[in-house]
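# Tertiary structure, described
What follows is each chain in one-letter form.
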Amino acid sequence: MGKLQGFEVSLADNKATYGPGEAISGAVKISTAQPIQCKAIKVNCTGFCGVTSKVNDTAWTTKEQYCNSTVSVADKGTLRQGVHSFPFRFLLPASAPPSYVGPYGRIIYKIRAFIDTPRLSKDYAVEKMFEVVNPFNLNDVPELQGTNSASTTKNFSYMLMKSGTVTLNAACDLRGYTPGQVVQLETEVLNQSGKSTGMVVASLMQKVTYKAKKPFHDIRTVAEVEGPTIKGGKQCQWKEQIIVPELPQSSLAGCNIIDIEYFIQVSLKNPEVSVKLPIAIGRIPVDPTCKTPSRPVLPTPAPRVTPQQPSKPVPRPRSCCISPSAPPIDPDQMIGAGPADMPNRRYSQLPSSGQPPAVTPNAFSYTAGLAFQQNVLSPDLRSPYPHELPPSYDESCSNN
């Protein structure tokens, strides 16, 4: 480098991965063999997404920016001979999407430092890449709970004059997976024809949509397993497993020009019939016991029991088809100690019409202290008992 012996960007604690909204700090380290005249020393933090129509090309046709901040760590002057360190600090936006590298597009984050020298002098620049990681929690998407299935039927002709039907059913245990998880796949094929089918093939597919001036898709097979052929007139059940490899997550939240989708495709090559099982790839696996915040499970409230007011006791009907009530007790003990289940018993005795029966004195057995006046019970419960015993249950029934 001539006058410049060393020029680098170092991040605090040698950290290379950050999250959205996190602070990124470090220092620019410069080592000079001779004094260098400079107008300024600046540090820039940038993050963007670029899309191109050519494989591994960096001449972006479409670009989206997420952050672009510059700070000056040294003003105009002379950078003396020796070793110098200039600290810096940036704050990443909370909406920054995770880093991504694909054949037709990338999401890139980097720190760039440069020495701005006087006119006709050589400028110096250096940069350091870092990653932004925003783990996709599969439990945040309610639609990913539960199993995944699909079915289709194909009518086809063979040997010019004959025709047949093939029904293909496929299902997997989840709708979302993380790298390293195993997809439990079950397939059923019903061949209602006289011709054998081709092999059953299950493929894990990735579909990336790049929204350039003219949007296009990049579809590729990530993993694939093959199954048996099915003879004519036979039914076959095939169980297989697919290990999810290390893949970019489905959600690039914050990015508007790259979409990533995954699906499992189960197909027959002859006749050509297939079904697709959409899935998501995340970093936090689906928890079967997890209750999503959008669908809270509220506890079932206990039935409310209305306390009885001592001044207005609720009478209980008596008839020949109803069990007799308990013998009368001391009125002093009755005040404030009414049975808590009386309302439920009362409502359970409503006639088929749903209307409560008319309250008349003859509808009740005689109990001391109760008097009827205009079909309203007297609130006075402290009347003395009569000298005569109340009629028995059988007598009450016979009188009615």
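This write-up is about the structure you can find in this document. (Residues numbered from 1 in each chain as written. Predicted model: local features only at pLDDT ≥ 70, side-chain atom pairs only at ≥ 80, totals over all residues. Heavy atoms only, no water.)

## Structural notes on the pattern of salt bridges
Proximity of charged atoms lets side chains of opposite charge pair with each other. Where we set the bar: For salt bridges, the criterion is a side-chain nitrogen of Lys or Arg within 4 Å of an Asp or Glu carboxyl oxygen. By definition, any uninterrupted DSSP run of H or I lasting at least four residues is a helix, any uninterrupted run of E lasting at least two residues is a strand, and each is numbered from the N terminus.
Counted under the stated rule, the structure contains four salt bridges. Across the salt bridge formed by Glu127 and Lys110, the nearest N and O atoms sit 3.4 Å from each other. Pair noted here: Glu127 is in strand E11 (residues 124–132) and Lys110 is in strand E10 (residues 105–116), with a separation of 17 residues, a long-range link.

## Brief notes about the sheet that holds strand E15 (residues 182–192)
As a reminder of what qualifies: Here, any two strands with at least 2 DSSP bridges between them count as paired. Lines are fitted to the C-alpha atoms to define the axes, a helix being fitted only along its stretch in contact, and any angle between axes, read from their N-to-C directions, falls within 0 to 180 degrees.
One open sheet holds the four strands; their spatial order is E12-E13-E15-E18, and the pairing between them is antiparallel. Here the strands that pair on one side only, and so sit at the sheet edges, are strand E12 (148–158) and strand E18 (235–243). Here the strands of the sheet are splayed against their neighbours by 15 degrees on average, with no regard to which way each runs. Pairing of E15 with E18, which is carried by nine bridges, proceeds in the antiparallel orientation.

## Quick look at the pairing of E12
Where E12 meets strand E13 (residues 162–172), 11 bridges bridge the pair, whose relative direction is antiparallel. Opposite Ser149, over in E13, you have Ala171 as the bridge partner. Counting the residues that bridge the hairpin from E12 to E13 gives three residues, and of these Met159 lies at a positive phi of roughly 55 degrees.

## Structural notes on the sheet that holds strand E3 (residues 23–32)
The strands making up a sheet are joined through hydrogen bonds of the backbone, oriented either antiparallel or parallel. Strand order in the open sheet formed by three strands is E1-E3-E8, and the pairing between neighbours is antiparallel. The two strands at the open ends of the sheet, each matched to only one other strand, are strand E1 (4–11) and strand E8 (82–91). In this sheet, neighbouring strand axes are inclined to one another by 15 degrees on average, regardless of whether the strands run parallel or antiparallel. By the bridge criterion, 10 bridges tie E3 to E8 in an arrangement that is antiparallel. Bridge pairing in E8 links Ser25 to Arg89.

## Some thoughts on the nonpolar core
For clarity, the threshold we go by: In plain words, nonpolar cores are sets of buried Ala, Val, Leu, Ile, Met, Phe, Trp, Tyr and Cys residues tied together by side-chain atoms within 4.5 Å. Each residue is placed in one exposure class: buried if its accessible area under a 1.4 Å probe, protein chains only, is under 20% of its type's maximum, exposed if it is over 50%, and partly exposed if it falls in between. Residues count as neighbours in contact if any of their non-hydrogen atoms are within 4.5 Å of one another.
If you look at the biggest cluster of nonpolar residues, it comprises 72 residues, and the most contacted ones within it are Val28, Ile30, Ile111, Phe130, Ile258, Ile264 and Val266. With six residues, strand E19 (residues 258–269) is the single largest residue contributor to this core. With near-sequence residues (within four places) excluded, Ile30 lies in contact with Leu4, Gly6, Phe7, Ile41, Leu79, Gly82, Val83, His84, Phe86 and Ile115. Phe136, Leu138, Leu144 and Val286 belong to the second largest nonpolar core, which has five residues in total.

Honestly, it's all geometry; don't read function into it.
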